[in-house]
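# Descriptive structure summary
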Amino acid sequence: LAPALQKALPERLINHLDLACLDHITQDQLQTALEAAEKAELIILWLGETPDLSGEAGSRMEPVIPKGQQRLFEALNALGKPIILLLCTGRPLISPDVLHACPTILVTWFLGIEAGRALAALLQQLQANILLVRNHWLEVAKKLKPCMTQ
């Protein structure tokens, strides 16, 4: 994504970190992310699942954003900078704290080799139009009654 963003937005400095954390993030990784984010005017954060965590063979009891990523999001969000969340998943994820705190969320699903260029084009369009894509999953979910059996 970073090379495609840099090409789409040549007037912007794009700083890229690949932390590759799911359930655990080290203090060093967190510190590195915070130092980079403090210099940024906008944070584009890609969180979510890998394909092996979703689908028939990878079902989980709690389809949530992994804990290490939640911790990363909370630390970055505390900086008070705008965040565009790219949510990579094969199904809706239930993480109310993250979803409520982030006004701009793009659900990317599991993308292929053109993902970087496609997302860069979309983000470039968002920047050009000052458009915020609002997340309404939680409002809909509040209206649904849970149906669980033992």
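One structure accompanies this document, and this report is about it.

Conventions adopted
Residues numbered from 1 in each chain as written. Predicted model: local features only at pLDDT ≥ 70, side-chain atom pairs only at ≥ 80, totals over all residues. Heavy atoms only, no water. Helix = DSSP H or I, 4+ residues; strand = E, 2+ residues; numbered from the N terminus. Buried < 20%, exposed > 50% of the residue type's maximum accessible area, 1.4 Å probe, protein only. Contact = heavy atoms within 4.5 Å. Pairing = 2+ DSSP bridges. Axes fitted to C-alpha atoms, helices over the stretch in contact; angles between N-to-C directions. Salt bridge = Lys/Arg side-chain N within 4 Å of Asp/Glu carboxyl O.

### Observations concerning the overall build of the protein chain
When helices and strands are tallied, the protein chain shows six helices and three strands. Put simply, the protein chain runs from its N terminus to its C terminus through helices and strands in the order α-α-β-α-β-α-β-α-α. The buried share of the protein chain, reckoned over its 150 residues, is 37%. Considering only intrachain contacts with a sequence separation of at least 6, the fraction spanning at least 24 residues in the protein chain is 69%.

### Brief notes about the sheet that holds strand 1 (residues 43–48)
Across the sheet, which stays open at both edges, the three strands sit in the order 1-2-3 with parallel pairing between neighbours. The open sheet has two edge strands with one neighbour each: strand 1 and strand 3 (104–107). Strand-to-strand twist in this sheet, taken as the mean axis angle between neighbours without regard to direction, amounts to 20°. The sheet contact formed by strand 2 (residues 83–88) and strand 3 spans four bridges and is parallel.

### Let's talk about the pattern of salt bridges
In this structure the tally under the stated criterion is two salt bridges. Glu49 is paired through a salt bridge with Arg91; the nearest N and O atoms lie 2.7 Å apart. Note that Glu49 is positioned in the loop between strand 1 and helix 3 (67–77) and Arg91 in the loop between strand 2 and helix 4 (96–101), a separation of 42 residues in sequence. The same class applies to Glu49 as to Arg91, namely buried. Between Arg117 and Glu114 there is a salt bridge, and its shortest N-O distance comes to 2.8 Å. Judged by relative accessible area, Arg117 falls into the exposed class, the value being 60%. Of the residues examined, Glu114 reaches a relative accessible area of 42% and is grouped as partly exposed.

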